[in-house]
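Take a look at the letters that make up each chain.
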Amino acid sequence: MKRVITYGTFDLLHYGHIHLLKRAKALGDYLIVGLSTNEFNQKEKNKDCYFDYDKRKSLLEAIRYVDLVIPEENWKQKVSDIEKYHADVFVIGDDWKGKFDHLEDLGVEVVYLSRTEEISTSKIKKDLNQENVLIYGAGESGVLLVKESRINPNFPYRIVGFLDDNPNKKGGKLYGLKVLGGLEDVEKIVEKNDVSKIIISMPSVEQSKISNILKELNKLKDISVKILPNVDNLIEEGNLS
Ligand code: C2G
């Protein structure tokens, strides 16, 4: 029987973890997972787990690729674990490439498997924390905000769509995002899309129109409104003080 061993935190278990465990098991007949304890995570990995050890353990034990889950309490235990469990193969994601080559001295094969790039526990946490926002004004400056949200990993909001009072724009798409309706539809749209913020992005619209829109939007419950400044407000006086 070929025995494989791997280690990890496996918090908020996701398909990247499953993909790793599936490939790890395929390298042998029996898969042991060293699961980082809460203390090890806090002390050594600076990770605050959403699920505590027992819950993460029960999730792993429910996976058909996993045969045994043991606690990982320190970095050094891999050597004694490999001996104790007679492991033939040590597997881990390639974000650790090179870090465990020394285990080959124990006569085990060390395998680094490719990580599933687009998913991670920290990404899940960040995405879930993002507020849903609407951009009011399906124009150039609104598109600039969407572009920024696509390239800036720290963009604090998830843009769910546009508002625009031009009936010809309703139902259309701008940069992949729908124009969901105008001021008269806003209450329904906010409700349906779990929106908590509206960013008014109409830099060239006269102040009186913006004030009327603000009056209406401020009637909405639990909605905060931000206004994108118009360009000349952004450009400061150039004189050297
Ligand atoms: N993983 C992956 N793809 C992801 C996320 C994780 O392949 N998108 C892999 C990691 O490379 C690791 C395992 O899944 O092999 C568990 O990942 P984590 O829970 O993040 O564990 P880690 O913090 O890497 O702990 O002593 C070794 C450590 O305990 C490893």
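Refer to the preceding data block for the structure.
Report follows, based on the coordinates. Please read these numbers as outputs of a predicted model, since none were measured by experiment. (Residues numbered from 1 in each chain as written. Predicted model: local features only at pLDDT ≥ 70, side-chain atom pairs only at ≥ 80, totals over all residues. Heavy atoms only, no water.)

Describing the side chain of Thr121
Definition in use: Labels follow the DSSP assignment, with helices taken as runs of H or I lasting at least four residues and strands as runs of E lasting at least two, numbered in each case from the N terminus. Here, residues are in contact when the closest pair of their heavy atoms is within 4.5 Å.
Looking at where Thr121 falls in the secondary structure, it is placed in helix α5 (residues 121–129). The contact partners of Thr121, leaving out residues within four places of it in the chain, are Asp11, Leu12, His14 and His17.

Topic: the site of the ligand
Threshold: Any residue with a heavy atom positioned within 4 Å of a molecule or strand is treated as near that molecule or strand. Contacts described as polar in this section are N or O atom pairs within 3.5 Å, which, within protein, must combine one atom able to donate a hydrogen with one able to accept it, while residues neighboring in sequence count only if both atoms come from side chains. Residue exposure ignores everything except the shown protein chains as possible cover, and the areas themselves are Shrake-Rupley values with a 1.4 Å probe. When residue character is reported, Ala, Val, Leu, Ile, Met, Phe, Trp, Tyr, Cys and Pro are called nonpolar, Asp, Glu, Lys and Arg charged, and the others, Gly included, polar.
Inspection of the region around the ligand gives 21 residues, with Lys47, Glu72, Lys78, Thr116 and Ile119 positioned closest. At 2.9 Å from an oxygen atom of the ligand is found a side-chain nitrogen or oxygen belonging to Lys45. Taking Lys78, its side chain carries an N or O atom lying 2.7 Å from an oxygen atom of the ligand. When the ligand sits alone it has 630 Å² of accessible area, and the protein chains cover 95% of it. At the level of secondary structure, the elements contributing two or more residues to the shell around the ligand comprise β1 (3–8), α1 (15–25) and β4 (89–93). Residue contributions to the shell around the ligand peak at 3 residues, all from α1. A class-by-class count of the residues in the shell around the ligand yields 7 nonpolar, 8 polar and 6 charged.

Observations regarding the pattern of salt bridges
Here is the rule we go by: Within this document, salt bridges are pairs made up of a side-chain nitrogen of Lys or Arg and a carboxyl oxygen of Asp or Glu, the two lying within 4 Å of each other. Burial here depends on accessible area, computed with a 1.4 Å probe over protein chains only, as a share of the maximum for the residue type. Under 20% is buried, over 50% is exposed, and the range in between is partly exposed.
On inspection of all chains with the given rule, the structure shows 12 salt bridges. With its nearest N and O atoms 3.3 Å apart, the salt bridge here joins Glu72 to Lys78. You can call Glu72 buried: its relative accessible area is 2%. On the accessibility criterion, Lys78 (3% relative accessible area) is buried. Between Asp222 and Lys221 there is a salt bridge, with its nearest N and O atoms 3.5 Å apart. Using a relative accessible area of 64% as the deciding quantity, one classes Asp222 as exposed. We classify Lys221 as exposed; its relative accessible area is 69%.

Details of the environment of Val4
Structurally, the position occupied by Val4 is in strand β1. Spatially, the C-alpha atoms of Val4 and Glu191 are 50 Å apart, while their sequence positions differ by 187 residues. Excluding its chain neighbours within four sequence positions, the residues that come into contact with Val4 are Ala24, Leu27, Gly28, Tyr30, Leu31, Ile32, Val89 and Val91.

Points about a negative patch on the surface
Selection criterion: Each patch is built from residues that are more than 30% exposed by relative accessible area and take part in no salt bridge. Like charges join if they lie within 9 Å; nonpolar side chains (Val, Leu, Ile, Met, Phe, Trp, Tyr) join within 5 Å. Neither His nor the chain termini are counted; the positive set is Lys and Arg, and the negative set is Asp and Glu. Charged side chains are reduced to one point each, which is NZ for Lys, CZ for Arg, CG for Asp and CD for Glu.
A surface patch of like charges, here negative, comprises Asp101, Glu104, Asp105 and Glu109. Here Asp105 shows up in the loop between β4 and β5 (109–113). Classification of Asp105 as exposed rests on a relative accessible area of 70%.

Overview of the sheet that holds strand β6 (residues 131–136)
Basically, it comes down to this: Between any two strands, pairing holds if DSSP finds at least two bridges. Note on definitions: angles span 0 to 180 degrees between N-to-C directions of axes, and those axes are lines fitted to C-alpha atoms, for helices only across the stretch in contact.
Judged by pairing direction, the sheet is mixed, and its 6 strands sit side by side in the order β8-β9-β7-β6-β10-β11 without closing on themselves. Each of the sheet's edge strands pairs with one partner strand only, and the pair in question is β8 (173–174) and β11 (224–227). In terms of strand pairing, β8 meets strand β9 (residues 177–181) through 2 bridges, oriented antiparallel. The residue of β9 that forms the bridge with Lys173 is Lys178. Taken strand by strand, helix α6 (residues 140–151) contacts β6, β7 (157–163), β8, β9 and β10 (195–200), and its axis lies near 155° from that of β7. Contacts from helix α8 (residues 207–217) reach β6, β10 and β11 within the one sheet, and its direction differs from that of β10 by about 175°.

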